[in-house]
Amino acid sequence: MRPSPQPLNVPIIIITIQDSRCYLMNGGAVESFFISEDTPVGSIIGTLSVNGDPGDEGDISLRVQERKPAVALVPGSKNVTLTRALDREEKTGPSSVYVNVRCDRRHTTDPSFVIPVSVRVWDVNDNAPSWSGAPYRARVSELAAVGTRLLTARAHDPDQPGPHATVRYSVLPGPAAEYVGFPSELDGALVVRKPLDYETATNLTVTLRAQDGGSPPRHNDTTLTIVVMDADDQNPTFTHDHYSAVIPEDAREGTILETFPGPVAAHDQDRGINAPVTYSVRASPSPADNNTALVRLHKDSGELSVTGDLLRASLPTTIVIQATQVDNPDRYALATLSVSRAGSGSVSFPRRLYSVSVREDSAPGSVLLSLEARGQGPLQYFVSDRSFLQQFAISEAGELLLRRALDRLVRHYDYQVMVTDGRTNDTAHINISVEAVNEWEPRFKHAQYSFVVERPTGEGRVRVGRLHVHDGDPEDRVSVKVAGPDAAAVTVDDAGDVFVSAPALRNMRSDTLHLVATAVDSGTPPRQGALLVGCNACLSASRPCRCRSACLPPPPRLPPAPPPPVQCGHVRVCVCVVAGTAGRAAALPSQAQTLFGQKPPT
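Residues numbered from 1 in each chain as written. Predicted model: local features only at pLDDT ≥ 70, side-chain atom pairs only at ≥ 80, totals over all residues. Heavy atoms only, no water.

1. Let's talk about the pairing of strand β14 (residues 189-192)
Link 1 in the chain: Along β14, one buried face is formed by A189 and V191 and the opposite face, lined by L190 and V192, is buried too.
Link 2 in the chain: Where strand β13 (residues 180-181) meets β14, two bridges bridge the pair, whose relative direction is antiparallel. By the bridge assignment for β14, G181 is matched with V191. (Buried < 20%, exposed > 50% of the residue type's maximum accessible area, 1.4 Å probe, protein only. Helix = DSSP H or I, 4+ residues; strand = E, 2+ residues; numbered from the N terminus. Pairing = 2+ DSSP bridges.)

Structure below.
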């Protein structure tokens, strides 16, 4: 029997041989990177996936073959870094980079391996739209219809096509923004949105905005100036709707007539055109009433002169005169002219201007003035301004009456009044001035003021307190003056602060200062309020401080100000209300004797 075989233990040694050849471990042939165009220079934009270690003790070496490339390798690593700025629009740098990286295996004779590296840039919103031909200026007639195209404003965004380069147009809010607009925000065509009026505004300025669709968006603003051209859309106008003239008793054919309220004159209301006008007498539709030959009207100056027909005509009469634009006979204005003979009984005002001054507290129903128009028969008065009847009225006798109490905030009224007897008429002006009335006297806040001041050691003035004075008339200014034996040492400023001369306080023989303070306003007539000013003080510096009141009892309705404590070496100044108005000030001298021992100066 053969013995069974024994197992043979043979050691197996496995040796791993690392492949150190240069190749891309991702299996690709090209290394590609994508970066933003605002990537800062010096940033690492990626890492090569090449096999091997390019460190100092590594087995491969890497280098970029191109000279001065936009990317470089960080020494001893596979990191690719940016050396120049990239720009998708190629303004500040290239929009893409393509370089070759050479990989060599160290300490071998293996051939080199070239790795293509591609760097592509994606766009960011780094550019704002820019206007072409801005700022803009357009001329348009005031008659341009709503929807009329003014101009086309173009803006271009240099970013790559897409949201970053899509421009939207708008008109920014402003005083004239309502007149123009963009029908489509994607189109730069501007149109009229609201009717224009040369007489209202001759120039309009709006702000235009072009904004892209980036996040956040970028924008650019510019201005559009619109020059509104005047169009012939207004008729001429006379300076007055009605004129009157009186033929002198010694008038002859050719005598120049003086017209009231002024010379015959008209002008074109289209200020930008201001076309000249010609004057003529308008013919009556009825041949029997045709009075075109009664006066001679100069076609250029509007001057009126007497004709033989006028001297022989039965007067008074009314003539219609016409002012027509030279360049457009369809544009004209009409006015009436009343002609009468001197002494023929035509109605007239003795004056062309009536002026009157009225107190603001005048009672309704007061007669302000009499117009005294001359004429035969009953006369009627008319005022064109409708607001006249809200405040005033004119009686049949020509008296100007106050209908309602005057508004204290309105100081001036001006009206044109016309009088007629049914056949002739005349006009004049009324000027009414409203006078402010001094209704309130100055009043002190307290019935008694107590001021304590220490005897000073320095020079100059010492402020001892303030007298609070108020006047109910807001337009009045109030000044406070002092009088009395010691008044020379005391002053009161516009704010009511009381100052006493330091040397006078220091050299006083007693501790009592007597004054009369009077507040006077600037109204017409001026009103005033008066106070008695007295002092309390310690009777002796060597004895306990005892003080007694030198002021009169205050009126019951005015609360006294609380007195401050008094210490020896100090002076207390008491201010007491004696009279609040000029009428009550008559009681001041007899009451003041209690303090002064004599009649105070007035």
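2. Some remarks on the sheet that holds strand β3 (residues 60-64)
Link 1 in the chain: Reading across from one edge, β1-β7-β6-β3 is the order of the four strands in this open sheet, with mixed pairing throughout. At either end of the open sheet lies a strand with only one pairing partner, and these are β1 (31-36) and β3. The sheet shows a mean angle of 25° between the axes of neighbouring strands, taken without regard to direction.
Link 2 in the chain: As paired elements, strand β6 (residues 96-105) and strand β7 (residues 113-122) share eight bridges and run antiparallel to each other. When the sheet's bridge partners are listed, N100 is paired in β7 with P116. (Axes fitted to C-alpha atoms, helices over the stretch in contact; angles between N-to-C directions.)

3. Side note on the packing of aromatic side chains
Link 1 in the chain: Considering all chains together, one arrives at 12 aromatic pairs under this definition.
Link 2 in the chain: Taking the centre distance of 5.9 Å and the plane angle of 80° together, the rings of W131 and Y136 count as edge-to-face. There is no split in this pair, since W131 and Y136 are both buried.
Link 3 in the chain: When the centroid spacing of 6.4 Å and the interplanar angle of 45° are considered together, the rings of F349 and Y381 count as tilted. A residue pair is termed long-range when its members are at least 10 positions apart, and F349 in the loop between β25 (332-341) and β26 (353-359) and Y381 in strand β28 (residues 380-383) qualify at 32 residues.
Link 4 in the chain: F349 gets classed as buried once you look at its relative accessible area, which sits at 4%.
Link 5 in the chain: Since its relative accessible area comes to 16%, Y381 is described here as buried.
Link 6 in the chain: Among the aromatic side chains, those forming a connected cluster through ring pairs are W131, Y136, Y169 and F182.
Link 7 in the chain: Sitting over the ring of F499, R461 keeps its end group 4.0 Å from the ring centre. (Phe/Tyr/Trp six-rings, centres within 6.5 Å; stacked < 30°, edge-to-face > 60°. Lys NZ or Arg CZ within 6 Å of the ring centre and 35° of its normal.)

4. Some remarks on the pattern of salt bridges
Between side chains of opposite charge, pairing is possible as soon as their charged atoms come close.
Link 1 in the chain: Summed over the entire model, instances satisfying the criterion amount to 15 salt bridges.
Link 2 in the chain: One salt bridge in this structure joins R296 and E253, with 4.0 Å as the shortest N-O distance. Here R296 is found in strand β22 (residues 295-297), whereas its partner E253 is found in the loop between β18 (242-247) and β19 (259-260), with 43 residues between them in sequence.
Link 3 in the chain: You can call R296 partly exposed: its relative accessible area is 44%.
Link 4 in the chain: Its relative accessible area of 55% is what places E253 among the exposed residues.
Link 5 in the chain: Several salt bridges converge on common partners, so that one network encompasses R463, R466 and D497. (Salt bridge = Lys/Arg side-chain N within 4 Å of Asp/Glu carboxyl O.)

5. Side note on the sheet that holds strand β24 (residues 317-325)
Link 1 in the chain: On the basis of which strands lie adjacent, the open sheet formed by five strands has the order β19-β18-β25-β24-β21 and mixed pairing. Taken across any chain shown, the strands that pair with only one partner, and hence form the sheet edges, are β19 and β21 (277-281).
Link 2 in the chain: As defined by bridge partners, β24 adjoins β25 across eight bridges and the pair is classed as antiparallel. Its bridge partner lying in β25, V320 is registered against T336.

6. Let's talk about the side chain of S338
Link 1 in the chain: Tracing the backbone shows S338 in strand β25.
Link 2 in the chain: The buried category is assigned to S338, whose relative accessible area is 4%.
Link 3 in the chain: A polar side-chain atom of S338 sits 3.3 Å from a polar atom in the side chain of H242.
Link 4 in the chain: Other than its neighbours up to four places away in sequence, S338 contacts H242, Y243, S244, A245, T317, T318 and N425. (Polar contact = N/O pair within 3.5 Å; in protein donor to acceptor, adjacent residues only side chain to side chain. Contact = heavy atoms within 4.5 Å.)

7. Let's talk about the environment of R63
Link 1 in the chain: Within the secondary structure layout, R63 lies in strand β3.
Link 2 in the chain: C-alpha of R63 to C-alpha of N100: the two residues are 37 residues apart in sequence and 8.5 Å apart in space.
Link 3 in the chain: Once residues lying within four places of it in the same chain are set aside, the contact partners of R63 are L73, N100, V101 and R102.

8. Let's talk about a nonpolar patch on the surface
Link 1 in the chain: A contiguous nonpolar surface patch, about 270 Å² in accessible area, is contributed by Y23, M25 and F113.
Link 2 in the chain: Here M25 shows up in the segment before β1. (Patch = residues over 30% accessible without salt bridge, like charges linked within 9 Å, V, L, I, M, F, W, Y side chains within 5 Å. Areas by Shrake-Rupley, 256 points an atom, 1.4 Å probe, with all protein chains shown as cover.)

9. Here we look at the environment of T318
Link 1 in the chain: You can see T318 is positioned in strand β24.
Link 2 in the chain: T318 sits 22 residues away from S340 along the chain, and the two C-alpha atoms are 8.9 Å apart.
Link 3 in the chain: Beyond its immediate sequence surroundings of up to four residues, T318 is in contact with N291, T336, L337, S338 and R423.

10. Focus: unusual backbone geometry
Link 1 in the chain: P135 follows A134 through a cis peptide bond whose omega is -5°.
Link 2 in the chain: With respect to the secondary-structure elements, P135 resides in the loop between β8 (130-132) and β9 (136-141).
Link 3 in the chain: A cis geometry characterises the amide bond from S215 onward to P216, with omega recorded as 0°.
Link 4 in the chain: Among the structural elements, P216 can be located in the loop between β15 (203-211) and β16 (219-229).
Link 5 in the chain: In this structure, H107 takes a positive phi of about 60° despite not being glycine.
Link 6 in the chain: Relative to the elements of secondary structure, H107 occurs in the loop between β6 and β7.
Link 7 in the chain: Located in the positive-phi region is N274, a residue other than glycine, with phi close to 50°.
Link 8 in the chain: Residue position: N274 is located in the loop between β20 (266-268) and β21.

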